[in-house]
Amino acid sequence: MSGAKLVQGNEACVRGALAAGCNFYAGYPITPSSEIAEIMVRRLPDAGGVFIQMEDEIASLATVIGASLAGSKAMTATSGPGFSLMQEHIGFATMAEVPCVIVDVMRGGPSTGLPTSPSQGDIMQARWGTHGDHPAIVLAPSSVGEVFDLTVKAFNLAERFRTPVILIYDEIIGHTRESVVLPDRVDIVDRSRPNGNPSTYQPKAPAANGVPPMVAFGDGYRFHVTGLTHNEHGFPTTDPGDTEALITRIHDKVYDHQDEISAVEEFMLDDAEVAIFAYGIVGRSAREAVLRARRAGMKVGLIRPLTLWPFPYAQVADVAAGIDTLLVAEMNLGQLIGEVERAVAGTTEVIGHLRADGEPITPADLIAALPDPAGART
Amino acid sequence: MGRSEFRIAGAGGQGVVTAGRILAEAAILSGSEAIHSQVYGPQSRGGASRSDVVIATEQIGYPLAEQIDLLVALSGEACSRYHPELMEHGRLVADSRCAPTSLGVRDHQFPIVDTARSISGGHLVSGVVALGVLQALTGAVEADALDRAVADRVPSRHLDMNLKALRAGARLVTGGVG
């Protein structure tokens, strides 16, 4: 492969962020995400951006939110323990509609757990870690190249929908180095801006797509930012109508455009009798398992969501309708398997291969977990 | 060569992660595909550490090692932990201080860590000595690509020392005069 370089997953994240226009990073280094901060501190100042090492993860995301309100494209990166501390501000960024990117490189938990081992234990935390009814956009790459692509996508979706976007991958994806060719240029989306008179600007009045145009502090527009429930003027309210309008709108702006957000890989499903549902590093194992199972004459396919949230219920239901068994493999004790069961609604058998011991799920593990009615496995 | 898997395992501080990275970069410089993965403990010094490198002529699907072709064990712990996992075709290169339970006809023991100490005064270049051994035994990558990968990866003030370590590793295999 000409021009290929050995690139680490965490480095690809930095390169994707810079390609997407990231110009602000605030964070507190933590294994296995630390390389993102280490590489960012070397490269971001040269790219005209600002890097601040914060005292903790609470302050990290607060600072990212402030930088974004001032017009920056801002991100932070962490792992489970720091991700826990960020939950409050993820809710604030969702409510105040502040674009930002949060990277969670998953390690074994709970608590400090297994700092240097892989896990997929934060999937539900990424969805429901912050309180209240809220949408979540969560992207899950399964290779170094995809880390780059989905980091770019995370920034673009954050800008497009004025909402925090979470990029989530495990320690193996973060630390593994692969030979890849990364693009020099990518498509970039910028937040929409108001074109009306500053004196009549309503900071939370949505455009037709449900997303309010956004100004930066210092642009000459006056606006108020709050985590309290607020009206279109941006000021707090307890009015039930205003409350319902806001909560509904922050959901609808995401769920009405799920086709722009969702990405699902389907592999060898056409004649499949069994499908493996897997994401992140397990998606790589599953793809290899499918190829080996096919060589053994087993009709197995793969469904791999690159967007975990919003969950692709419809695509999973479609796949399930054509097969006998869905094998859900994840490096936790059962998180997305519940959503798969919701999607399938009892029409297809769902079985789990779940592992939370700090070791990856291998292709051999998955082959052994496949149902084998015909005795095709040897 | 379809797919080859190499594991360099030892203790934190022996340079095994750097060595794996150099091997993968040398493979890419040689025109192959390569993936490097690492496993280490939460300690900043000491503890077990390992590098796995998958080298293939075609794009690599599953990135992690499953059937190691060559294991280089630089510590007793690495040897006792990973030697039993080797499949029938896998070869062991153990440091002389290790005490493997068995040594097959294709396995070897070399004073890798002692060679590193004689060159650098410490064990830091053990991983690079191991690369010299690995290259001489397998020819997994092109020799000049390995030199270039070392030069790309190590600080220039330490380049001579690392190239010396690489050559010394190769001589452990070929038996040339030190």
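Conventions we followed
Along each chain, numbering runs from 1 in the same order as the chain's sequence is written. Chains and ligands are labelled by the order in which they are written, letters from A for the one and numbers from 1 for the other. Only residues with pLDDT of at least 70 are given local features in this predicted model, and only at 80 or more are side-chain atom pairs given and counted; all residues enter the totals for whole chains, interfaces and linings. In computing side-chain values, all of the structure's heavy atoms are included and hydrogens and water are not. The contact rule is simple, with two residues in contact once any of their heavy atoms fall within 4.5 Å. Throughout, buried area stands for the accessible area (probe radius 1.4 Å) lost by two parts on being put together, summed over both. Criterion for a salt bridge: a side-chain nitrogen of Lys or Arg within 4 Å of a carboxyl oxygen of Asp or Glu. As used in this structure description, the phrase polar contact means that two N or O atoms lie within 3.5 Å; if the pair is within protein, one of them must be able to donate a hydrogen and the other to accept it, and residues adjacent in sequence are counted only when both atoms belong to side chains. Only DSSP runs of H or I covering at least 4 residues are called helices, and only runs of E covering at least 2 are called strands; the numbering of each starts at the N terminus. Boundaries of every domain are those given by an automatic assignment or by a domain database. Classes in brief: Ala, Val, Leu, Ile, Met, Phe, Trp, Tyr, Cys and Pro nonpolar; Asp, Glu, Lys and Arg charged; the others, Gly included, polar. Relative accessibility thresholds used throughout: buried, under 20% of the residue-type maximum; exposed, over 50%; partly exposed, between the two (1.4 Å probe, protein chains only). By definition, two strands form a pair when at least two bridges between them are found by DSSP. In this scheme, a helix's expected span is set at 1.5 Å multiplied by one less than its residue total. Between 30 and 60 degrees the pair is tilted, below 30 it is stacked and above 60 it is edge-to-face, where a pair is any two Phe, Tyr or Trp rings, Trp via its six-membered ring, whose centres lie within 6.5 Å. Each ring is checked for a lysine NZ or an arginine CZ that lies within 6 Å of its centre and within 35 degrees of its normal; such an atom marks a charge sitting over the ring. Orienting the strands away from the viewer, one traces the path from the first strand over the helix to the second; a clockwise path indicates a right-handed crossover.

Visitor: Tell me about the interface of chain A and chain B, residues and numbers included.
Guide: At the interface, 25 residues of chain A touch 20 residues of chain B. When the two sides are added together, the surface that chain A and chain B hide from each other amounts to roughly 1,800 Å², 52% of it contributed by carbon and sulfur. When the area that chain A buries against chain B is broken down by residue, the three leading residues are Leu-6, Thr-116 and Arg-177 of chain A, summing to 34%. Counting across the interface, chain A meets chain B through 1 salt bridge. We note a salt bridge from Glu-66 of chain B to Arg-292 of chain A, for which the minimum N-O separation is 2.4 Å. In this assembly, chain A and chain B are joined by 7 residue pairs in polar contact (both at pLDDT 80 or more). Secondary structure elements with two or more residues in the side of chain A that touches chain B: strand S1 (5–8), strand S6 (114–118), helix H7 (171–175), strand S9 (177–180), helix H10 (281–295) and helix H13 (363–369) of chain A.

Visitor: Give me the domain arrangement of chain A: which residues, what numbers.
Guide: Residue and element names in this part refer to chain A. Taken domain by domain, chain A consists of domain 1 (5–180) and domain 2 (265–369). Contact with domain 1, which involves 26 residues of that partner, is made by 21 residues of domain 2. Interface of domain 1 and domain 2: buried area, both sides summed, is about 1,900 Å²; carbon and sulfur atoms make up 57% of it. Contact with domain 2 buries area across many residues of domain 1, yet Gln-120, Ile-123 and Met-124 alone supply 32% of it, more than any other trio. Our count for the contact surface shared by domain 1 and domain 2 stands at 2 salt bridges. The salt bridge partner of Glu-178 is Arg-284, with a shortest N-O separation of 3.1 Å. Linking domain 1 to domain 2 there are 14 residue pairs in polar contact (both at pLDDT 80 or more). Counting residues per element, the ones that place at least two in the side of domain 1 that touches domain 2 are S6, helix H5 (123–128), strand S7 (137–139), helix H6 (144–161), strand S8 (164–170) and H7. Across the side of domain 1 that touches domain 2, the residue classes tally to 14 nonpolar, 6 polar and 6 charged.

Visitor: Explain the pairing of strand S3 (residues 48–56) of chain B to me, using residue names and the numbers behind them.
Guide: Residues and elements named next belong to chain B. Taking burial as the measure, the 9 residues of S3 include 8 buried ones, the bulk of the element. Sheet topology note: the strand S1 (residues 3–11)/S3 ladder contains 9 bridges and is antiparallel. Directly across from Ala-9, in S3, lies its bridge partner Arg-50. Where strand S2 (residues 33–40) meets S3, 8 bridges bridge the pair, whose relative direction is antiparallel. Residue pairing across strands places Ile-35 opposite Val-54, the latter belonging to S3.

Visitor: Explain unusual backbone geometry to me, using residue names and the numbers behind them.
Guide: Residues and elements named next belong to chain A. For the bond running from Thr-31 to Pro-32, omega is 5°, close enough to zero to count as cis. One can find Pro-32 in the loop between strand S2 (24–27) and helix H2 (34–43). Even without being glycine, Ser-111 reaches a positive phi, approximately 55°. Its location among the elements puts Ser-111 in the loop between strand S5 (100–108) and S6. The class of Ser-111 is exposed, set by a relative accessible area of 62%.

Visitor: Can you lay out helix H3 (residues 57–69) of chain A for me, pointing to particular residues and giving the numbers?
Guide: Residue and element names in this part refer to chain A. Taking 1.5 Å per residue as the helical rise, H3 with its 13 residues ought to reach 18 Å, and the 18 Å between its terminal C-alpha atoms agrees with that figure. Taken together, the buried positions of H3 are occupied by Glu-57, Ala-59, Ser-60, Leu-61, Val-64, Ile-65, Ala-67, Ser-68 and Leu-69. On its buried face, H3 is in contact with S2, strand S4 (74–78), helix H4 (80–96) and S5. Measuring from the side-chain oxygen of the N-cap residue of H3 to the backbone nitrogen of Ile-58 gives 3.0 Å; that N-cap residue is Asp-56.

Visitor: Account for the pattern of salt bridges, naming residues and giving values.
Guide: Inspection of the entire model under this criterion finds 26 salt bridges over all chains. Asp-357 of chain A is the salt-bridge partner of Arg-355 of chain A, the closest N and O atoms lying 3.0 Å from each other. By relative accessible area, Arg-355 of chain A is classed as partly exposed at 24%. For Asp-357 of chain A, a relative accessible area of 44% gives the class partly exposed. For Arg-50 of chain B, the salt bridge goes to Asp-52 of chain B, with nearest N and O atoms at 3.2 Å. Of the two residues examined, Arg-50 of chain B and Asp-52 of chain B, each falls in the buried class.

Visitor: Just give me the short version of the environment of Ile-112 of chain B, but keep the residues and values in it.
Guide: All names here are of chain B. Secondary-structure assignment places Ile-112 in helix H3 (residues 112–120). As for Ile-112 and Met-87, which are separated by 25 residues in sequence, their C-alpha atoms are 23 Å apart. Those residues within four positions of Ile-112 in sequence are excluded, and the remaining contacts are Val-72, Leu-74, Val-93, Asp-95, Ser-126, Val-129, Ala-130, Val-133 and Leu-172.

Visitor: Give a description of the packing of aromatic side chains that names residues and reports values.
Guide: Residues and elements named next belong to chain A. What the rule picks out here adds up to 8 aromatic pairs over all chains. Measuring from centroid to centroid gives 6.4 Å for Phe-277 and Tyr-279, while their planes differ by 70°, and the two rings are edge-to-face. In terms of burial, Phe-277 and Tyr-279 fall into one category: buried. Counting every residue linked through ring pairs, the aromatic cluster contains Phe-277, Tyr-279, Trp-309, Phe-311 and Tyr-313. In this structure, Arg-127 is placed above the aromatic ring of Trp-128, and the distance from its NZ or CZ to the ring centre is 3.8 Å. Positioned above the aromatic ring of Phe-267 is the side chain of Arg-287, whose terminal nitrogen or guanidinium carbon lies 3.8 Å from the ring centre.

Visitor: Tell me about the pairing of S8 of chain A, and name the residues and values.
Guide: Residue and element names in this part refer to chain A. Judged by how many residues are buried, S8 sits mostly within the fold: 7 of 7 residues are covered. Bridging between S5 and S8 involves 7 bridges; their strand directions are parallel. For Ile-102, the partnering residue across the bridge sits in S8 and is Ile-166. For S7 and S8, the ladder comprises 3 bridges, and the chain directions are parallel. What sits directly across from Val-138, in S8, is Ile-166. In this region the chain leaves S7, passes through H6 and returns to the parallel neighbour S8; the handedness of that crossover is right-handed.

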